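Coordinate inspection notes
Each chain is listed here by its residues.
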Amino acid sequence: MNKKTVRDIDVKGKRVFCRVDFNVPMQNGVVTDDTRIRAALPTIQYLMEQGAKVILASHLGRPKGKVVEEMRLNAVAERLSELLGKRVVKTDEAYGDAVKAAIAEMNEGDVLLLENVRFYPGEEKNDPELAKAFAELADVYVNDAFGAAHRAHASTEGIAHHLPAVAGFLMEKEIEVLGKALSNPDRPFTAIIGGAKVKDKIGVIENLLDKVDNLIIGGGLAYTFVKALGHEIGKSLLEEDKIELAKSFMEKAKEKGVNFYMPVDAVVADDFSNDANKKVVNIDEIPSDWEGLDIGPKTRELYRDVILKSKLVIWNGPMGVFEMDAFAEGTKAVAQALADAKDTYTVIGGGDSAAAVEKFGLADKMDHISTGGGASLEFMEGKQLPGVVALNDK
Ligand SMILES: Nc1ncnc2c1ncn2[C@@H]1O[C@H](COP(=O)(O)OP(=O)(O)OP(=O)(O)O)[C@@H](O)[C@H]1O
Ligand SMILES: O=C(O)[C@H](O)COP(=O)(O)O
């Protein structure tokens, strides 16, 4: 990575504004998945050890510029205190005199968590005044919020123009792993793209077709491709206006010598529910009143084979409606194949695929699970992430 990191600066005794992505799931005021908090610990602990005064900032949810009580970061501060084994002070605001007073009380190695930065309308507008108000709190800016790096907001981008600005360890790792995959991949390089809609994956498929050896398609978006081949897909998900695009992707794959893998069979159901009637059919035999909700057993075998023969696999998007047990087999089979592929570097592109790997208890078998959903998708599209661009070059 050509950006400076926390290793490149001296933070002893300095106030460090460290943007993290603590946008974690919560239920009844309790953090239900602390993955993102744990992922930021190496940077936080390093800053503490170096004698910095660590001021953490994060968003939680989408409060749209207003205070939403359930989106306060108090429960996050509690969980972080437990993980660090040290009390984390939490302020009720994210800038201003009360916050400055709390920071003035900090000793070297102390940690303070600001209130949800999205309680202020200026955050998402990247308001220069808010960016300045954040910058006034600190001497140095560290961005470790890979998950929010695709957002040009006051705490992810604006502030970087006012202070020495460097990346944290999580940011560095995410950019290095995904960056290497896209610029200098070990081959055969396979991308598995699933999820609901073609529309959300156009940029990724386009960019990856220039880089991969194998492209595997699954999930709801596969049916638009099946339709593009001239098969009936019953009530399966279809994006009529993307049929031509799907055809062009398949042609481009052929031109580029990319092996393009599509489902050869599907699990179809007579209703979108876990206890619907279901059966396995060949992909060109989907009955008109049924819908495809998962890849079938032959497809699972085919995809497993390709995965096991790959040196690098990037996976984004489930193979079926994995939230329902009846249609989780395809997604599970892909996760299991990745877990079994010992000589393969496996990268999970965040979001639902990361949730699926967790659900199947296979997370620790993967080489890298991105903490970014949208951010990793945009990175895979080949886009520059504003939160990274704004950091100081090496
Ligand atoms: N055959 C299908 N029919 C309908 N929905 C499907 C099908 N296969 C997968 N899905 C749904 O697609 C959703 C995931 O799609 P999405 O495009 O959001 O994935 P993702 O890119 O992994 O998510 P994220 O945006 O969180 O990274 C899941 O909720 C899943 O139930
Ligand atoms: O959960 C995420 O993907 C990040 O925290 C970004 O959240 P956002 O989509 O609300 O900007």
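All of these numbers come straight from a predicted model, not from anything done at the bench.

Overview of a positive patch on the surface
Positive charge collects at one region of the surface, where R62, K64, K66 and R151 lie side by side. The residue K66 is located in the loop between strand 4 (53-57) and helix 2 (74-84) in this model.

Section: the site of ligand 1
As a structural note, the neighbourhood of ligand 1 is formed by 18 residues, with A196, K201, G220, G292 and E323 the closest of them. Within the backbone of A196, an N or O atom sits 3.0 Å from an oxygen atom of ligand 1. Within the backbone of G220, one N or O atom sits 3.1 Å away from a nitrogen atom of ligand 1. Judged by its atoms lying within 2 Å of the grid points, ligand 1 is housed in the second largest pocket. Counting residues per element, the ones that place at least two in the shell around ligand 1 are strand 14 (291-295) and helix 12 (351-359). Of the residues forming the shell around ligand 1, the biggest block, 3 residues, is contributed by helix 12.

So, the site of ligand 2
Residues in contact with ligand 2, as listed here, are D21, N23, R36, H59, R62, R118, G147 and R151. Contact distances for ligand 2 include 2.6 Å between an oxygen atom and a side-chain N or O atom of R151. Against a free-state accessible area of 310 Å², the protein chains account for coverage of 86% of ligand 2. Of the pockets mapped on this structure, ligand 2 occupies the largest pocket. Here the shell around ligand 2 is composed, by residue class, of no nonpolar, 3 polar and 5 charged.

Observations concerning unusual backbone geometry
The residue after R187, namely P188, is reached through a cis peptide bond having omega 0°. Relative to the helices and strands, P188 is located in the loop between helix 6 (169-183) and strand 9 (189-193). Residue N28 is not a glycine yet carries a positive backbone phi of 50°. Tracing the backbone shows N28 in the loop between strand 2 (26-27) and strand 3 (30-31).

Thoughts on the nonpolar core
Note on soluble globular proteins: their nonpolar side chains tend to be buried together. Residues F17, L114, L215, I217 and F225 are the most contacted members of the largest nonpolar core, which totals 77 residues. Those residues in contact with F17 that sit more than four places away from it in its chain are I55, A57, L114, F134, L137, A138, V140, Y141, V142, S155 and I159. With 32 residues, the next largest nonpolar core counts V6, I37, M48 and A52 among its residues.

Quick look at empty space enclosed by the protein
One way to see where empty space is left: roll a probe the size of a water molecule over the atoms. Enumeration over the complete set of coordinates arrives at 1 cavity of 30 Å³ or more. Residue lining of the largest cavity: V20, D21, R36, A40, D144, F146, G147, L170 and T371, and that is the complete set. Residue composition of the lining of the largest cavity, grouped by class: 4 nonpolar, 2 polar and 3 charged.

Observations concerning the UniProt feature "binding site: ATP" (unreviewed entry) in the protein
Listed under "binding site: ATP" (unreviewed entry) in the UniProt record, and renumbered for this structure, are K201, G292, E323, G350, G351, D352 and S353. Judged by maximum C-alpha separation, these annotated positions cover 153 residues in sequence and are scattered in space, the widest gap reaching 24.0 Å. Here the residues from the annotation list that line the largest pocket are G350 and G351. Tracing the chain through its elements places G292 in strand 14.

Remarks on the layout of surface pockets
Approximately 910 Å³ is the volume attributed to the largest pocket. Along the wall of the largest pocket there are 40 residues; nearest its centre are T35, R36, S370, T371 and G372. Elements that contribute at least two residues to the lining of the largest pocket include exactly helix 1 (35-49), helix 6, helix 12 and strand 17 (368-369). For the lining of the largest pocket, the element with the highest residue contribution is helix 1, accounting for 6 residues. Among the residues forming the lining of the largest pocket, the class breakdown is 12 nonpolar, 16 polar and 12 charged. If you count residues domain by domain, the lining of the largest pocket takes at least three from each of domain 1 (13-170) and domain 2 (184-379). If you add up the space inside the second largest pocket, you get close to 520 Å³. Taken together, 30 residues line the second largest pocket, and the ones lying closest to its centre are G195, A196, K197, P318 and D352. Among the elements of the structure, strand 14, helix 12 and helix 13 (374-380) are those that each provide at least two residues to the lining of the second largest pocket.

Parameters at a glance
Residues numbered from 1 in each chain as written. Chains lettered and ligands numbered in written order. Predicted model: local features only at pLDDT ≥ 70, side-chain atom pairs only at ≥ 80, totals over all residues. Heavy atoms only, no water. Patch = residues over 30% accessible without salt bridge, like charges linked within 9 Å, V, L, I, M, F, W, Y side chains within 5 Å. Areas by Shrake-Rupley, 256 points an atom, 1.4 Å probe, with all protein chains shown as cover. Salt bridge = Lys/Arg side-chain N within 4 Å of Asp/Glu carboxyl O. Lys, Arg positive; Asp, Glu negative; His and termini not counted. Charge placed at Lys NZ, Arg CZ, Asp CG, Glu CD. Helix = DSSP H or I, 4+ residues; strand = E, 2+ residues; numbered from the N terminus. Near = heavy atom within 4 Å. Polar contact = N/O pair within 3.5 Å; in protein donor to acceptor, adjacent residues only side chain to side chain. 1 Å grid on protein atoms, 1.4 Å probe; cavity = no way out; pocket = protein on both sides within 12 Å on 5 of 7 lines; lining within 4 Å. Sits in = over half its atoms within 2 Å of the grid points. Nonpolar A, V, L, I, M, F, W, Y, C, P; charged D, E, K, R; others polar. Core = buried A, V, L, I, M, F, W, Y, C linked by side-chain atoms within 4.5 Å. Buried < 20%, exposed > 50% of the residue type's maximum accessible area, 1.4 Å probe, protein only. Contact = heavy atoms within 4.5 Å. Points joined across faces, edges and corners; volume = space filled by probe spheres on them. UniProt positions renumbered as here; feature names shortened; annotations may be inferred. Domains from an automatic or database assignment.

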